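Spelled out from the first residue to the last, the chains are:
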Amino acid sequence: MSPVRVRFAPSPTGFFHIGSARTALFNWLYARHTGGTFILRIEDTDKERNSEEFLNVIYDSLNWLGMNWDEGPNVGGAFGPYRQSERAAVYREYLAKLTAAGRTYEKDGAIYFKLLGERHEVFDEHRKKTVTKVKVPPSVIEDQIRGRVERVEDEDFVIFRSDGNPVFHFVNVVDDIAMQITHVIRGEDHLSNTPKHIELYQAIGATPPKFAHIPLILNHEGKKLSKRDGGSSITYFLDLGYTPEAVANYLCLLGWSPGENREFLKTPELLQLFDLVEINRRNSIFDLDKCFWLNGQHLQHMSQERFEELALPFVDKAGVPYGTREALRPALAIVKPKVKHLSDVPGWIGFLFTEDYAFDPEAVAKSLAKPGAGDRLEA
């Protein structure tokens, strides 16, 4: 068998959804578990919606979760991600191959991919117009999670827009071929796109990769997790002070289980145990309370050194005048068993590094009036 090669291919067009983070994590874990290669590919052909701000959120989130990628363009001595906006020559090369094979045509300035099969005109009630349908055999997908799935793509579809830019379906397949991707692990919402992709693979003369479509993440109402739901964005966990270990642990449990009712898992255990065959077909319900509980578990069980590393940015941001790391260390050791979020740390330790207190006069008078108050203070 060929060595495993997987990719995570986000678009920098919006906030970094928790479902995208889980997809990235499943790809990364599978690559590490099998000794394979993990590739980061930015799908940024939609120039109007792309944003460098959103792109930086993707980078920050992946780095925070500890997901390093294994290859890409050399950027300052390190691997940068592949960016589709920089691969126009590759797409034109593959377009020329399809055109030479008679599999494309132009209509209204756009370039369409032509399906092979008997054609007939039908009136589409939904779109209220006549369309050309093509009689083709169904695409058979032996999905690694869902099992055998059959889908039909029976209409020609656009692969280059009238503005000259390629569309998602085309660049997705071309890059997977060029990068020799062996497993496409992505959200279940992409299952409907797979017949288009299989048709393109076959027209180009390439063997499709193995597909694994991950079930959706739903809120407690059974609806797809949206921006309005708390915890739907990775930045929520970054800002509130969750540990990356806890978030990675929880994301894995959304659709995957190591068995034996185990929930608290450190990253080395995830790397050892994770496999596609244990991913559940059913959609997952997002439970922020469980993630909160796991965060407390990871805070309690991590080393003092790791706790200091994670807590320090929050302490510095709050402006706690601790002076030196040596002075800060025992203060952090005191509160480590108590805090549930790293953002709580400044509030727990701030009083240790200041003589500026706000007193309640009535409470002071009442306390000092008690017999022996002076002796207790002196002691």
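Just so it is clear, the structure is predicted and the values come from calculations on it, not from any experiment.

(A) The pairing of strand E13 (residues 183–187), seen in detail. The element E13 is extensively covered by neighbouring structure, given that five of its five residues are classed as buried. Note: E13 against strand E14 (residues 210–214), five bridges, orientation parallel. Opposite Val184, over in E14, you have Phe211 as the bridge partner. With helix H5 (residues 194–204) bridging E13 and its parallel neighbour E14, the resulting β-α-β unit is right-handed.

(B) Up close: the sheet that holds strand E1 (residues 5–8). If you trace the three strands from one edge of the open sheet to the other, you get E1-E2-E5, paired in parallel fashion. Taken across any chain shown, the strands that pair with only one partner, and hence form the sheet edges, are E1 and strand E5 (82–83). As paired strands, strand E2 (residues 37–42) and E5 are joined by two bridges and run parallel to one another. The residue bridging Arg41 from the neighbouring strand is Tyr82, located in E5. Each of E1 and E2 touches helix H1 (residues 18–34); the most contacted strand, E1, lies at about 160° to it. In this fold helix H2 (residues 52–65) packs onto E1, E2 and E5, with an angle of close to 165° to the strand it touches most, E2.

(C) Representation of the state of the cysteines. Inspection of the entire model under this criterion finds zero disulfides. Looking at the unpaired Cys252, the closest cysteine sulfur is the one in Cys291, lying at 12 Å.

(D) Layout of the pattern of salt bridges. Summed over the entire model, instances satisfying the criterion amount to 28 salt bridges. Two residues, Arg119 and Asp156, come together in a salt bridge whose shortest N-O distance is 2.9 Å. Of the two residues, Arg119 is situated in strand E8 (residues 118–124) and Asp156 in the loop between strand E11 (147–151) and strand E12 (157–160); the sequence distance between them amounts to 37 residues. The closest approach of N and O atoms between Arg306 and Glu309, which form a salt bridge, is 3.1 Å. Separated by three residues within a single helix, Arg306 and Glu309 lie in helix H10 (residues 304–318), roughly one turn from each other. Overlapping salt bridges, with partners in common, bring together Arg7, Arg41, Glu43, Arg87, Asp175 and Asp176 in one network.

(E) Main features of the environment of His120. Here His120 lies in strand E8. Taking C-alpha positions, His120 is 66 Å from Phe307, a pair spaced 187 residues apart along the chain. For His120, the residues in contact, after removing those within four places along its chain, are Val131, Thr132 and Lys133.

Cut-offs and rules
Residues numbered from 1 in each chain as written. Predicted model: local features only at pLDDT ≥ 70, side-chain atom pairs only at ≥ 80, totals over all residues. Heavy atoms only, no water. Buried < 20%, exposed > 50% of the residue type's maximum accessible area, 1.4 Å probe, protein only. Helix = DSSP H or I, 4+ residues; strand = E, 2+ residues; numbered from the N terminus. Pairing = 2+ DSSP bridges. Right-handed = clockwise from strand over helix to strand, strands pointing away. Contact = heavy atoms within 4.5 Å. Axes fitted to C-alpha atoms, helices over the stretch in contact; angles between N-to-C directions. Disulfide = S-S within 2.5 Å. Salt bridge = Lys/Arg side-chain N within 4 Å of Asp/Glu carboxyl O.

These figures capture arrangement, not role.
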